[in-house]
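Understanding the architecture of this molecule
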Amino acid sequence: MEIVSRSEKGVEATPFSIIFKIFAMEQGKMKILRKLFLGMVISLLTGFWGLRAENKVVEKVISVSEDKSFVVNVVPGALLSGPSRLETAGGRIYILDSEESQVKVFDFTGKFVRAIGRRGKGPGEFSRPEGFFVERHKKLLGIADTGNRRIQVVNEEGQLLTSGKLTYPPCGLSQIDDKYYVASFPGSSVTLGEEPLINVYQPDFKFEKGFYKAIKTEDLMLNMLINTILIKADRAGNLVCAHQFGLNKILVFDAQGTMIKNFEIIYKGEKPEVPVLKMRIRSDRDAQKMPYILADMTFDARNYYYFLGGEMGQGPDGRTEKGREIYKYDSQGRYQGTIILPCEARLIAIGDDGALYLVDDNYELRRFVFRGK
Amino acid sequence: MAVARKTVVYLKTGDGELFTGKSFSKMLALNLPLWKTKLASRKFSEKVKMRKKGLINTIVVLLLLFTVYGTMAMPLKAAVEQKEEPSTNCFAQFEKCTQKVRTSFIGGTVDYLDCELALARCIKKALLD
């Protein structure tokens, strides 16, 4: 009679066999170790899957296809140099070109209609404007004249109707019930003083109130980035405010400035936690590490919200790219689906015709139609 | 007997028949001498002890490896990311701008807010375009 062990019988020692041995071991000295190991494995697995389940949603893909018949006619003045905002209203597409300090108007067939404004300091002239709104019924345009630190309201021909001087550079502009909602530039004076990021002005540009205070951290540059907001009025007459960099926050305010909804976008089906408020921005490289980049947002006729993610991702060819996904939410902040674009987008708008208009990374205006329901 | 019952013992007879501690009664039925089973148990206990030591060593080594990998992975990833990042000069321009503000006379055309605005515009372009 001889004594043999399983390993002597030709069974190789693998990680699985080690784990098996732990469980097959006798009750005795190894009892504690075995229990510890088992507990550790169970807690790790439970914690890992629990965390993943909490931060993940099932992505629903909304299909779109490009309307190839939509071609922008290339005429002088129609080319875009630095588009920063896109709006549609009354069969027209309006693109704010900050670089050229103009609003370029196209119709829904892609025909260039006109350019409104020019660079300058005079009436109807702008200096690197960064926000605008289009009044749907009267076809008036309100321009956040950032460089000149003023708001100008012009008609479709570009004639100045009214203007209001500000003490700060406006970076976003919207209109609800004839009142102007202005997003201020989050410079050091605003963020250090924790001043309101949104100011409300009456139709005669008399200051009414300010709300939504700037978030202050120890880093001035970080303050500037995380307090950069996009503001737009949704179809229900509420003001939607979205942080563009670092903070994954969408806030909905009513016309009185009371916050009625607050939610987060779940990018690529996941909600990773990033300690943004502890970041230090000392160089361009640091800024490039900024998470949660929101390129643009728009609303459709049924008041669904569409958020264009600006974060980097890998394209089919392995190249780094941005702005390929649009996340659709309802006005209550419930996820509805994801539109995966066949191109990189910079700006988006849903037209009254239900089509999706976008400005791609080559600054070209394109039209997409939704497939299916 | 008690030793053998507590230890998982594998005893093989000359015929190649395998017994474990649990089927010890069956082994006894073969009328094997008691000293042989005790010797077998002692030898096997030593082997089990050796294997336990080996197992503990393996676990310790694995834990060490995980710890080392965990601490090394972050700086390595950061280094790779730094290599891939495009280099822009927004902050360099900002420095130049603030220098201009500091050296200009009172009532100059550019103030600190303009520099901040230009920096924000530059970073925004780098992040979005």
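Sequence order as written defines residue numbering, which begins from 1 separately in each chain. Throughout, the order in which chains and ligands are written sets their labels, letters from A for the former and numbers from 1 for the latter. A pLDDT threshold of at least 70 governs which residues receive local features in this predicted model, and a stricter bar of 80 or more applies before side-chain atom pairs are shown or counted, although totals over entire chains, interfaces and linings include all residues.

1. Considering the overall build of chain A
Put simply, the rule reads: Per the convention used, a helix needs a DSSP run of H or I reaching at least four residues, while a strand needs a run of E reaching at least two, with both numbered from the N terminus. Buried means a residue has 20 or more other C-beta atoms within 10 Å of its own C-beta, exposed means 12 or fewer, and partly exposed covers the counts in between; C-beta atoms are placed from the backbone. With C-beta atoms placed from the backbone, a contact is any residue pair whose C-beta atoms sit within 7 Å.
Helix and strand counts for chain A come out as five helices and 30 strands. Here chain A holds 373 residues, and the buried ones make up 35% of them. Intrachain contacts of chain A at a sequence separation of at least 6 include 45% that bridge at least 24 residues.

2. Some thoughts on the packing of helix α4 (residues 90-103) of chain B against helix α5 (residues 112-128) of chain B
Residues and elements named next belong to chain B. Inclusion rule: Whenever a helix is involved, its axis is fitted only over the stretch in contact; in every case the axis is a line through C-alpha atoms, and angles between N-to-C directions fall within 0 to 180 degrees. Should an angle lie under 35 degrees it is considered roughly parallel, over 145 roughly antiparallel, and from 65 to 115 roughly perpendicular; all remaining angles are considered oblique. Think of it as three bins: nonpolar holds Ala, Val, Leu, Ile, Met, Phe, Trp, Tyr, Cys and Pro, charged holds Asp, Glu, Lys and Arg, and polar takes everything else, Gly as well.
Between α4 and α5, the least distance of the axes is 9 Å, while the angle of their chain directions is 170°. Taken together, α4 and α5 sit at an angle that is classed as roughly antiparallel. Along the contact surface, α4 presents Cys90, Gln93, Phe94, Cys97, Thr98 and Val101, while α5 presents Tyr112, Cys115, Ala118, Leu119, Cys122, Ile123 and Ala126. Grouping the amino acids of the contact of α4 with α5 by side-chain chemistry returns eleven nonpolar, two polar and no charged.

3. Quick look at the pairing of strand β18 (residues 229-233) of chain A
Residue and element names in this part refer to chain A. Definition in use: One requirement defines pairing of two strands: DSSP has to find at least two bridges between them.
Burial analysis of β18 places four of its five residues in the buried class, which makes it a mostly covered element. Across five bridges, the pairing between β18 and strand β19 (residues 239-243) is antiparallel. The partner of leucine 230 across the bridge, within β19, is alanine 242. Linking two consecutive strands that pair antiparallel, namely β18 and β19, is a turn of five residues; a positive phi of about 85° is found at glycine 237 within it.

4. With respect to the nonpolar core
Using the following cut-off: Defined on buried residues, the nonpolar core groups Ala, Val, Leu, Ile, Met, Phe, Trp, Tyr and Cys residues joined through C-beta atoms within 7 Å.
Ranked by internal contacts, the top residues of the largest apolar core, which has 87 residues, are A:Leu225, A:Ala242, A:Met297, A:Phe307 and A:Ile348. The element best represented in this core is α5(B), accounting for seven residues. Once you skip the residues sitting within four places of it in the chain, A:Leu225 turns out to touch A:Phe245, A:Gly246, A:Ile281, A:Ala287, A:Met290 and B:Ile123.

5. Observations regarding the environment of A:Arg235
Relative to the helices and strands, A:Arg235 resides in the loop between β18 and β19. Since 15 C-beta atoms lie within 10 Å of it, A:Arg235 is described here as partly exposed.

6. Description of the sheet that holds strand β21 (residues 259-263) of chain A
The strands making up a sheet are joined through hydrogen bonds of the backbone, oriented either antiparallel or parallel. Residue and element names in this part refer to chain A. The antiparallel open sheet is built from four strands, whose spatial order is β18-β19-β20-β21. Edge positions in the open sheet fall to β18 and β21, since each of these has one partner strand only. In this sheet, neighbouring strand axes are inclined to one another by 15° on average, regardless of whether the strands run parallel or antiparallel. Strand direction decides the pairing type here: β19 and strand β20 (residues 250-253), joined by four bridges, are antiparallel. Along β20, the bridge assignment pairs alanine 242 with isoleucine 250.

7. Examining the sheet that holds strand β28 (residues 345-350) of chain A
Residues and elements named next belong to chain A. Within the open sheet, the four strands sit side by side as β3-β30-β29-β28. Their pairing is antiparallel. With partners counted over all chains shown, the strands left at the sheet margins are β3 (64-66) and β28, one partner each. Averaged over neighbouring strand pairs, the angle between their axes works out to 30° when direction is ignored. Bridge count for β3 against strand β30 (residues 365-370) is three bridges, and the pairing is antiparallel. Each bridged residue has a counterpart across the sheet, and for serine 65 the counterpart in β30 is valine 369.

8. Topic: the environment of A:Asp107
Residue and element names in this part refer to chain A. Among the secondary structure elements, aspartate 107 is positioned in strand β6 (residues 102-107). Along the sequence, aspartate 107 and serine 127 sit 20 residues apart, while their C-alpha atoms lie 25 Å from each other. Residues within four places of aspartate 107 in sequence aside, it is in contact with Gly91, Arg92 and Val113.

9. Things to note about the confidence of the model for chain A
The cut-off we apply is this: As a per-residue measure, pLDDT reflects the predictor's confidence and takes values from 0 up to 100.
For chain A, the average pLDDT comes to 85, and 84% of its residues sit at 70 or higher. Note on residues 1-11 of chain A: pLDDT is under 50 here. Beyond four places in sequence and across chains, it has 20 contacts.

10. Some details on unusual backbone geometry
Not every positive phi belongs to a glycine, and A:Ser101 is a case in point at roughly 55°. Given 23 C-beta atoms within 10 Å, A:Ser101 falls into the buried group.

11. A closer look at α5(B)
What counts, and what does not: Here the expected span of a helix is defined as 1.5 Å times the quantity of residues minus one.
For α5(B), spanning 17 residues, the distance from its first C-alpha to its last is 24 Å, which sits close to the expected 24 Å at 1.5 Å a residue. Taken together, the buried positions of α5(B) are B:Cys115, B:Glu116, B:Leu117, B:Leu119, B:Ala120, B:Arg121, B:Ile123, B:Lys124, B:Leu127 and B:Leu128. In this fold, the buried residues of α5(B) make contact with α3 (188-192), α4 (220-226), α5 (284-288), β22 (294-299) and β28 of chain A together with α4 of chain B.

12. Overview of the confidence of the model for chain B
Residue and element names in this part refer to chain B. Residues with a pLDDT of 70 or more make up 49% of chain B, whose mean pLDDT is 71. Element-level mean pLDDT values for chain B span from 44 in helix α1 (residues 2-6) up to 90 in α5. Note on residues 1-7: pLDDT under 50 across the span, and 16 contacts to partners over four residues away in sequence or across chains. Note that residues 83-87 has pLDDT below 50 and, in this model, three contacts with residues that lie over four places away or in other chains.

13. Section: the pairing of strand β14 (residues 170-176) of chain A
Residue and element names in this part refer to chain A. For β14, a buried count of five out of seven residues is recorded, marking the element as mostly surrounded by other parts of the structure. Strand direction decides the pairing type here: β14 and strand β15 (residues 179-184), joined by six bridges, are antiparallel. Of the residues in β15, the one forming a bridge with isoleucine 176 is lysine 179. Connecting the antiparallel pair β14 and β15 is a turn made up of two residues, with aspartate 177 showing a positive phi of about 50°.

14. Notes on the environment of A:Arg85
Residues and elements named next belong to chain A. By the secondary structure assignment, arginine 85 is in strand β4 (residues 83-89). Given 26 C-beta atoms within a 10 Å radius, arginine 85 is considered buried. Taking the C-alpha atoms as reference, arginine 85 lies 9.9 Å from alanine 295; in sequence the two are 210 residues apart. Setting aside anything within four residues of it in sequence, one finds arginine 85 in contact with Leu96, Gly131, Phe132 and Leu347.

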